[in-house]
Amino acid sequence: MSAMDIDRLREHKGVIAGALGIGAAGLAAYFLYRRRSSKRVRSNGRFAGHAVPEGAYDVVIVGSGPSGATAAFYLAKNGAKVALLDKETFPRDKYCGDAVCTPALNILEDMGVLKELVDNNEAHFADSGGFVSPSGLAYIGQSQEKLGGAAACAVKRTNLDKRIAWKARDTGADLQEGFEVGKENPVLDREKGLWTVHSSEGKQVKGRMLVIADGATSRLAMQMGYCTEAPKGVCSRAFIEGGTHNVDFDGVCFYQRESLPGYSAIFRHPNDELNFCYYLIPCGKDGMCGDVSEADLKRLHEGALKSDPFISKAIGPKAKIERMRAAALRLGSQGVPQSYDDHLIIVGDAAGHIDPLTGEGIHTAIMGGKAAAETILEMRAAGDFSAASTSVYQQRWMQLFGHDFAYSKKGAELIYKYPILLDACANEMARVGDKMMVRWAEVMTNMRPKTYFLRPDVALPLGFALLREFWAQKVSGRPDKYKTGLI
Ligand SMILES: Cc1cc2nc3c(=O)[nH]c(=O)nc-3n(C[C@H](O)[C@H](O)[C@H](O)COP(=O)(O)OP(=O)(O)OC[C@H]3O[C@@H](n4cnc5c(N)ncnc54)[C@H](O)[C@@H]3O)c2cc1C
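In this text, all values refer to a predicted model and were calculated from it rather than measured experimentally. (Residues numbered from 1 in each chain as written. Predicted model: local features only at pLDDT ≥ 70, side-chain atom pairs only at ≥ 80, totals over all residues. Heavy atoms only, no water.)

### Points about the packing of helix α14 (residues 420–432) against helix α15 (residues 434–444)
How two helices sit against one another is set out by the angle between their axes and by the gap between those axes.
Piece 1. Where α14 meets α15, the closest approach of the two axes is 6 Å, and the angle between their N-to-C directions is 140 degrees. By the criterion of interaxial angle, the relationship of α14 to α15 is oblique. For the pair α14 and α15, contact is made by L422, C425, E428, M429 and V432 and by D434, K435, M436, M437 and W440, respectively. (Axes fitted to C-alpha atoms, helices over the stretch in contact; angles between N-to-C directions. Helix = DSSP H or I, 4+ residues; strand = E, 2+ residues; numbered from the N terminus. Parallel < 35°, antiparallel > 145°, perpendicular 65-115°, else oblique. Contact = heavy atoms within 4.5 Å.)

### Comments concerning the sheet that holds strand β3 (residues 99–101)
Piece 1. With antiparallel pairing, three strands are arranged side by side in an open sheet as β3-β7-β4. Of all the strands in the sheet, the pair left with one neighbour each is β3 and β4 (123–125). Going from strand to strand, the sheet's axes swing by 30 degrees on average, the running direction of each strand aside.
Piece 2. Where β4 and strand β7 (residues 152–155) come together, three bridges link them in antiparallel fashion. By the bridge assignment, A123 is partnered in β7 with V155.
Piece 3. Sitting on the sheet, helix α4 (residues 102–111) touches β3, β4 and β7, and the angle it makes with β3 is about 80 degrees. (Pairing = 2+ DSSP bridges.)

### So, the site of the ligand
Piece 1. Neighbouring the ligand are 37 residues; D86, G97, A99, D349 and I362 lie closest to it.
Piece 2. Within the backbone of V181, an N or O atom sits 2.9 Å from a nitrogen atom of the ligand.
Piece 3. With respect to the ligand, the side chain of D349 contributes an N or O atom lying 2.6 Å from an oxygen atom.
Piece 4. Burial of the ligand by the protein amounts to 96% of the accessible area it has alone, namely 1,000 Å².
Piece 5. For the shell around the ligand, the secondary-structure elements that each account for two or more residues are α3 (66–77), β12 (233–240), β16 (325–329) and α11 (362–382).
Piece 6. Per element, the largest residue contribution to the shell around the ligand is three residues, and it comes from β16.
Piece 7. Along the lines of polarity and charge, the residues of the shell around the ligand split into 16 nonpolar, 10 polar and 11 charged. (Near = heavy atom within 4 Å. Polar contact = N/O pair within 3.5 Å; in protein donor to acceptor, adjacent residues only side chain to side chain. Areas by Shrake-Rupley, 256 points an atom, 1.4 Å probe, with all protein chains shown as cover. Nonpolar A, V, L, I, M, F, W, Y, C, P; charged D, E, K, R; others polar.)

### Structural notes on the pairing of β12
Piece 1. With eight of eight residues buried, β12 lies mostly within the body of the structure.
Piece 2. Burial of β12 is two-sided: the residues G233, C235, R237 and F239 facing one way and the residues V234, S236, A238 and I240 facing the other way are all buried.
Piece 3. In this sheet, strand β15 (residues 274–280) lies alongside β12 in antiparallel orientation, the contact comprising seven bridges. By the bridge assignment, R237 is partnered in β15 with C277. (Buried < 20%, exposed > 50% of the residue type's maximum accessible area, 1.4 Å probe, protein only.)

### Describing the layout of surface pockets
Piece 1. The volume enclosed by the largest pocket comes to roughly 1,100 Å³.
Piece 2. Around the largest pocket, the lining is made up of 49 residues, and of these R92, K94, D214, G215 and A216 lie nearest the centre.
Piece 3. Counting residues per element, the ones that place at least two in the lining of the largest pocket are α3, β2 (82–86), α8 (219–223), β12, β16 and α11.
Piece 4. Counting residues per element, the lining of the largest pocket draws most heavily on β16, which supplies five residues.
Piece 5. Of the residues in the lining of the largest pocket, the class split is 22 nonpolar, 12 polar and 15 charged.
Piece 6. Counted as a void, the second largest pocket has a volume near 540 Å³.
Piece 7. Forming the walls of the second largest pocket are 20 residues, and the residues nearest its centre are G411, L414, L421, F453 and L454.
Piece 8. Among the elements of the structure, α13 (405–417), α14, α15 and α16 (456–475) are those that each provide at least two residues to the lining of the second largest pocket.
Piece 9. If you tally residues by element for the lining of the second largest pocket, the top one is α13, at five residues.
Piece 10. Looking at the lining of the second largest pocket residue by residue, the classes come out as 15 nonpolar, three polar and two charged.
Piece 11. Looking at which domains feed residues into the lining of the second largest pocket, each of domain 1 (52–92 + 172–229 + 330–417) and domain 2 (124–148 + 232–329 + 418–487) gives three or more. (1 Å grid on protein atoms, 1.4 Å probe; cavity = no way out; pocket = protein on both sides within 12 Å on 5 of 7 lines; lining within 4 Å. Points joined across faces, edges and corners; volume = space filled by probe spheres on them. Domains from an automatic or database assignment.)

### Looking at the packing of aromatic side chains
Piece 1. Inspection of every chain in the model, using the stated rule, returns 11 aromatic pairs.
Piece 2. Ring centres 4.7 Å apart and planes at 15 degrees place the aromatic pair Y263 and Y279 in the stacked group. Placement of Y263 in strand β14 (residues 263–268) and of Y279 in strand β15 is noted, with a sequence separation of 16 residues between them. The pair formed by Y263 and Y279 is uniform in burial state, with each residue classed as buried.
Piece 3. Seen from their ring centres, F401 and F405 are 5.9 Å apart, and the 50 degrees between their planes marks the pair as tilted. (Phe/Tyr/Trp six-rings, centres within 6.5 Å; stacked < 30°, edge-to-face > 60°.)

Spelled out as structure tokens, the structure:
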């Protein structure tokens, strides 16, 4: 190297020092990354599927509602060691409309739970049902004969949830009641591939997989960062004492114009008791459910019972009505973009598995719980608990019901903007009768996808019904028959 070269190097010594510094930092980052990623590979990696350490479980499930308890049942039935934790003691109440749709009934039958509900007179299979459209067209028909069974069944949640939880327990799951998973987050030891889950009273359980099934407000999914928003929907419930009302149908939905795309509904229980609920479905501006918000729920709920012409007539003046109770709805995966991670799966309401058009989530909770169990059993057999494997669960629930969420959301937006679409459906039912009503029931209970309405043989007659309604409302000036006085 010549003296000139050395002088040049001296001139640029700042640049050279910087480059060397960056290089050193890069090397350090590389080795750190190698260490970290080798740890991740270990944690993502393979643990002898059937060999959990003494005292630990294959799966720890937090929440024993329909989603968690169904998962526990299928896991225990297939030989997995399961801890099923719930802060409550069963039987316990859960605010709900109690309408259990057919896809859930099929699984409950497979579990042997449906038989227990029927044997104990805890299930009422709907036959006569229908809806009242925003302009007051009412259609109530019979569905069972045409469907070859009921589209839905009313079961009080004290009974439904108790029977599923106990069935899981009797099949081998370790149901631990009064176990509230506390403020301390579950911790995953990535070397051992084991979660430690703490109760607020200092108890702890360990397990290879963690299933989060703690409902719509999911403390766990929020605290652990899997869920980023509070639920945006809400629903009320009030029981009406059997023998004090005039209702002679099994289930009717009332689409009051002022709260679209939400609605209220009455479902009948086996002992003639009724469940009245009012669903507010998120739509439009953030924080709004159409033109109303959560703050309007009490007024709408109480106003409907008092002054809605269809509801007040159906229940009569002597109805003994429980005070309103309400709980959150997390619809269409709201705020939970990913329902899986290494050693972890999120099910039911905690994952936002409620249909964004109907607000129904019992059947999706049960279907999702079963899909979670199937995925975990496969993972256990393969000894692979990585996110790559748990992602199969998300594919499964998307295939089962998640694919419909986007269409349901669109459906909710459409009926909010164009209530006449619901009038057209009622108009078509009045023309063709129960044949159309059962198709409607099938779509609303997830037996058929929402895209069914786009099939030419369905869309075309509905298109003509829309024209008839348009003519009746806008040209002939047919008066609105649904004046609720709620606004
Ligand atoms: C008013 C209302 C009406 C509804 N009507 C209907 C209807 O008619 N049909 C329908 O299909 N769906 C309806 N839904 C939705 C339905 O209730 C839910 O989709 C369903 O309950 C979801 O089940 P899940 O098991 O995911 O959660 P949940 O049923 O909420 O169960 C969660 C469980 O986790 C437990 N838990 C919570 N936190 C902890 C903790 N920290 N530690 C331990 N345990 C914990 C709870 O005690 C509970 O047992 C309605 C919802 C509301 C609010």
